[in-house]
Each structure stands twice: as structure tokens, then as C-alpha cells.
Amino acid sequence: MKKLIEEMNERAAQAFERAGYDPSYGKTTVSNRPDLCEYQCNGAMAAAKAYKKAPIQIAEAVAAELKKEDMFEEVSAVKPGFINIKLDRGYLARYLMKMGQDSHLSVSPAEEPKTIIIDYGGPNVAKPLHVGHLRSAIIGESIKRMGRFLGHKVIGDVHLGDWGLQMGLIITELQERKPELPYFDASFTGPYPEEAPFTIGELEEIYPAASARSKEDEEYRNRALEATHQLQEGRPGYMALWNHIMEVSVTDLKKNYKKLDVEFDLWKKESDAQPYIPDMVEKMKEEGYAYEDQGALIVDVSEETDTKEVPPCILLKSDGASLYTTTDLATIVERVKLFDPDEILYVVDKRQEMHFVQVFRCARKTGLVKPETRLSFLGFGTMNGKDGKPFKTREGGVMRLERLISEINGEMYKKIVENRSVKDTDAEKTAEIVGLSAIKYGDLSNQASKDYVFDVDRFTSFEGNTGPYILYTIVRIKSILNRYLEEGGALENSEILPAASEGEKTLMLAAVRFGTMIENAFEEKAPHKICSYIYELANEFNRFYHETKILTEEDPRQKASWLALLELVRQILETSIDLLGFSAPERM
Ligand code: ARG
């Protein structure tokens, strides 16, 4: 379905042409002065230079042509050369009716669908999920959903951190605690026990204990390094332990991501990329990209135009060990081989930006990806507490994701019960749904690259620019729709009549912008644009609702029309929040 702005651009182009000017000047935009007009066209200003005429003269000629169209209620040329446009109400109503019948609400699926891999989540095995991983999961999930809505093939990969020192630390600590286990006996020939020698609770306690000790005890740290090395060499007992760690951890991670309504297509991990390293390194050496420097194997990636030093990529350390960079490069090799993607997008803390600059440059330079393959980095800022420092628990510890979620849900539960519109049996479930909207909207309504303050009181409020406010609006619409249906009204195929008030027209104009907004938000990988849009739409709806007696309207055609408009607004809001990664309850 053609977007309204496209229709308008076509008419504007034709008007320029008919007036004797190049049609390319016929571009219209949503007005930035809604007090004066709804749309504007500034093409006459640009054309004036090319045709050496006064802009107002051109604007007047084009406006005269535009007036002949049934699409507009008002077209005026104003000095110095703008064309101000108001849409015809009948046209707008008919457009919205078509939009309501379109399964994609006027968005046409991409003509050339792209294969896009999104690397997000990025949790580390055996370490509990903490709020730092929250942003990646929330932002990545939203971008994935947007891409799919627009018809792209999007593959979400969690890219588990499973190959680092944390594994050696856990093995070492476990050996301290339970030296009798067969995993540490090099002469043991198996089979190893099927059940893990720890629970997730123990595992989460073991890692921080080991990590703390390794910082003080050098001998211990060296043992952990050695264990990591032996694991990477494939020592059977350690591999068996690693499998236990993976299983216990991944089960727990899946449970947590499920609570967040975040779903990955791939549960790939750093270790999966290891088999690609030897050939990749060999090739980089052969082709002269990689060379030895002080024992390490490196690739230069600096460029002449750099204003800040970009250090070389270290592929292998002097002891032959590979690094985070090596793993990320080999992961690119694997992804190209398995999926031949048009784009790989990394949603990672912006403090890792330099790492990705190095990885991307190295991948390009050494030909790991085709020149047209996009490698993009969406770096997000830190989630801070009200004190402006990274978000912590009240006691000052690292805030675990599970705890954050349950605190928010508790807060929501209190508010919902105070509201008392929901029977107690529903309140808990409702609190979970609304709580998730508070967390996700609170995060996504900020531009991703900026740090933001996670303000529990504000985010859980039913008023203002919050998730609960959006849900409240949706629930309000649903309840009106339900009452109408209970009265025997029907929503299918009702006609939408031309706006009966300015408030209704403003609401309609906001609804019509959905398609362009989504395309633009995806193009810029900017979920916050969806948030500002639905906040505006919800505000326009609430304004309309307060000035219109919808259900008591006596003219049945008018009433049916308003309900059809409400149904469309509901669809837009619910589609939008689904793209943000949350949903609305039936009541709240
Ligand atoms: N596990 C990493 C961390 O916690 C994030 C991984 C991001 N993705 C990647 N391909 N490097 O910092």
C-alpha cells in the first residue's frame, strides 16, 4: 500500500511539472509548524535558484496546480516561497479505512529483503545476567522485530561468552572445594557423571568467589589460566565440566530471557568460532596482512585519516593464545559461511567501540566479508541510578537482572492493586506485563547511545512518557471497543467519516504517519522514534477521548466511524509496542 506521503509527493511532483518546473522539486514533509499547516513543500525555494525566479512566483504557480487535486483542503503559497498544505478530510478518512484493512498498516515489505544477523544479548556463561546485559537484549530484540516487520530476514544470535578465563576460574575453584571429583583426575577414563556437580545458585556463587581470589592470589590465578588453556586444548575432564557449566547456565539464561520476552534464533557461542581460527590466521599470514611483532601476531588497521590512534588487531598472543578480537573475526568467518548475510549488526556497550572498529577494519582489509556487506555497531550507553553512577542495588552491589525485574513487578503490583480495577487473581500477571513495559519503554525511549537514569518511580508511573501510560491508553481503547461489541456493535468494514473536529483530525494525521515512522526508525536503528511516536499518538487519542462522547453518540454512522478509528489506533499502538518488545494486558 502506498504511503500517504508518497501519494502527496507524486501529486506535488506533477504540480511542479504542470507549472513548468522539474518534478524533482515536489517533495513534501510533515509540517514543523502544525499551527500553520499540516504538510509543507519547500521545493519552490530550491527551484528559484535554478530558474532564477522569485520563489513566491513559483510557489504560487505550483499551489494553483495543487488546488486542482481532491486530496487537499487548503493549499497556500506564503512568502518567501513556502507551500502550506492541509489535507482533505474525506481523503484522509478514506486513506485510514484502507490502512485499517491492510495487514501491515500501510507498510509494504522490503522489495529486496536483506539477511541481517543481529549479535545481541552477549551474556557470559556462569556469570549471572546483570543490568549491563539488559540494554543489549532490549534494544537488539526491538531492532530484530522491526526488521522482520519490514520483511527482512533477521537472525538473532545471543553470542554467548563461554571461552574466557571465567571457565578456568570456575574449574580451579571447584577443584579447591571438591578435589575428589573425577573431572580433575587426569588418569580417569570415564564416563563422567551425567549430573552437574553444582546448581545454578552454587555456580553463581563460585564465579565471584574465584574471581575475587584470583585478584589477590597470583598462584591461584596462574592455575586458573592454565586450566583455561587446558580446557581450550580439550582436556576431557575439563570439557565434561564445561558441558555441565554450559547446560546449567544456558537453562537459567533462557529462563531469564523468556521473562524479558527476548528470543534468540541462535544460541551460538564464542567456542563455536574456535575451529575457524587456524585457517583464518594462516590465510592472513600468507596474504601478508598478519605479521609478528614482539612475539605476537598482529594486523595493522590504522588509517591515515585517523584522529585517534587505532591500535593493531592482535590475532595471537606470544603464547599462541587467541583473544576476544580473534574470536570475533572467526565468528564473522562462520557467519559468512553459514548465512552469507548482507549485514551484521552488533548491539554492544559503547565502551567496546574501539574493539569493533579494529575488528571491522581487519575483516574488510583481509577480505573476510564482501565489500558490500555491512558491519555495523550500535553502541549503547550506561544505565545509571539516580546518583548518576551505574545502576546498583540499594546495598551497592551489582544489580542482578532477576532482582530488578522482581522489584519492578512488585512496584507495579502495588500500584495496580491500589487502582483496584482488576480482581486480585489477575493482578500479579498484569503486574508482570506492565512491569516489562516499564523497563523496556524506560530504556528504549532514550536514544540508545546515551547514558540514562533508570528511575523506578518515573518508569512505573501511569502518567507521562512511560510504558504503563501507553498500556493504559491501549486498555482504555480496548474497553471502549468491548463495550461497543457487547452493545451489539460491529467493527468490521465500518466506514470512517471525515473528521468532525480539529482534535479528531489531529489524531487521524498522527495515525497516518505510522508507516513512514517505522521505516525511518528501522533505517536509523532507533527504537526511541517508535516511543516518541506512540507517546504522541496516545496523547492525541486521550485528548480526542476527553472531548468526544463516543459511546453515547446518537448518530449510528458517526459512532461506528469513531469506533473504527479507535480500532485502527489500537492496532497501531499494539503493533508498535510489539515492535518494542512488550504487550498490553486486557485490563489494568
Ligand atoms: N560477552 C561480551 C560482554 O559481556 C559481549 C559480547 C558482544 N558481542 C560480540 N560479538 N563481541 O562484554
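Our structure is the block above this text.
Conventions adopted
- Residues numbered from 1 in each chain as written.
- Predicted model: local features only at pLDDT ≥ 70, side-chain atom pairs only at ≥ 80, totals over all residues.
- Heavy atoms only, no water.
- Disulfide = S-S within 2.5 Å.
- Buried < 20%, exposed > 50% of the residue type's maximum accessible area, 1.4 Å probe, protein only.
- Core = buried A, V, L, I, M, F, W, Y, C linked by side-chain atoms within 4.5 Å.
- Helix = DSSP H or I, 4+ residues; strand = E, 2+ residues; numbered from the N terminus.
- Contact = heavy atoms within 4.5 Å.
- Axes fitted to C-alpha atoms, helices over the stretch in contact; angles between N-to-C directions.
- Parallel < 35°, antiparallel > 145°, perpendicular 65-115°, else oblique.
- Left-handed = near helix turned anticlockwise from the far one by under 90°.
- Nonpolar A, V, L, I, M, F, W, Y, C, P; charged D, E, K, R; others polar.
- Pairing = 2+ DSSP bridges.
- Polar contact = N/O pair within 3.5 Å; in protein donor to acceptor, adjacent residues only side chain to side chain.

Student: I tried to follow the state of the cysteines on my own but got confused; where do I start?
Tutor: Two cysteines whose sulfur atoms are joined by a covalent bond form what is called a disulfide. In total, this model carries zero disulfides according to the counting rule given. Left unpaired, Cys362 is separated from the closest cysteine sulfur, that of Cys313, by 4.2 Å. Owing to a relative accessible area of 0%, Cys362 belongs among the buried residues under this scheme.

Student: Teacher, can you tell me more about the nonpolar core here?
Tutor: Burial of nonpolar side chains together is a common tendency in soluble globular proteins. One finds Leu4, Leu87, Leu96 and Phe514 to be the most contacted residues of the largest nonpolar core, which totals 155 residues. Looking at this core, the element that brings in the most residues is helix H21 (residues 556-580), giving 13 residues. Those residues in contact with Leu4 that sit more than four places away from it in its chain are Tyr39, Met71, Leu87, Tyr91, Leu92, Tyr95 and Val512. Among the nonpolar cores identified, the runner-up in size contains 31 residues, and Cys313, Tyr346, Val348 and Val359 belong to it.

Student: Would you explain the packing of helix H5 (residues 131-149) against helix H19 (residues 514-523) in this entry?
Tutor: Helix-helix packing is characterised by the crossing angle of the two axes and by the distance between the axes. Taken N-terminus to C-terminus, the directions of H5 and H19 make an angle of 125 degrees; their axes are 10 Å apart at the nearest point. When the axis of H5 is compared with that of H19, the two are oblique. Every pair of crossing elements has a handedness; the one defined by H5 and H19 is left-handed. Touching Ile143, Met146, Gly147 and Phe149 of H5 are Phe514, Ile518, Ala521 and Phe522, all from H19. For the contact of H5 with H19, the class distribution of residues is seven nonpolar, one polar and no charged.

Student: Got a minute to help me understand the pairing of strand E6 (residues 153-157) in this structure?
Tutor: Within a regular strand, side chains alternate between the sheet's two faces. Most of E6 is tucked away: four of the five residues are buried. For strand E5 (residues 115-119) and E6, the ladder comprises five bridges, and the chain directions are parallel. For Asp119, the partnering residue across the bridge sits in E6 and is Asp157.

Student: Is there a simple way to explain the environment of Ala47 in this structure?
Tutor: Note that Ala47 resides in helix H2 (residues 43-51). Between the C-alpha atom of Ala47 and that of Lys478, which follows or precedes it by 431 residues, the distance is 48 Å. Look past the residues within four positions of Ala47 in its chain and what remains in contact with it is Tyr25 and Ile58.

Student: How should the side chain of Arg89 be read in this particular structure?
Tutor: Tracing the backbone through its elements, the reader meets Arg89 in helix H4 (residues 89-101). Separated by 2.5 Å, the side chains of Arg89 and Glu502 make a polar contact. Residues contacting Arg89, with those up to four places away along its chain left out, are Glu73, Pro498, Ala499, Ala500, Ser501, Glu502 and Lys505.

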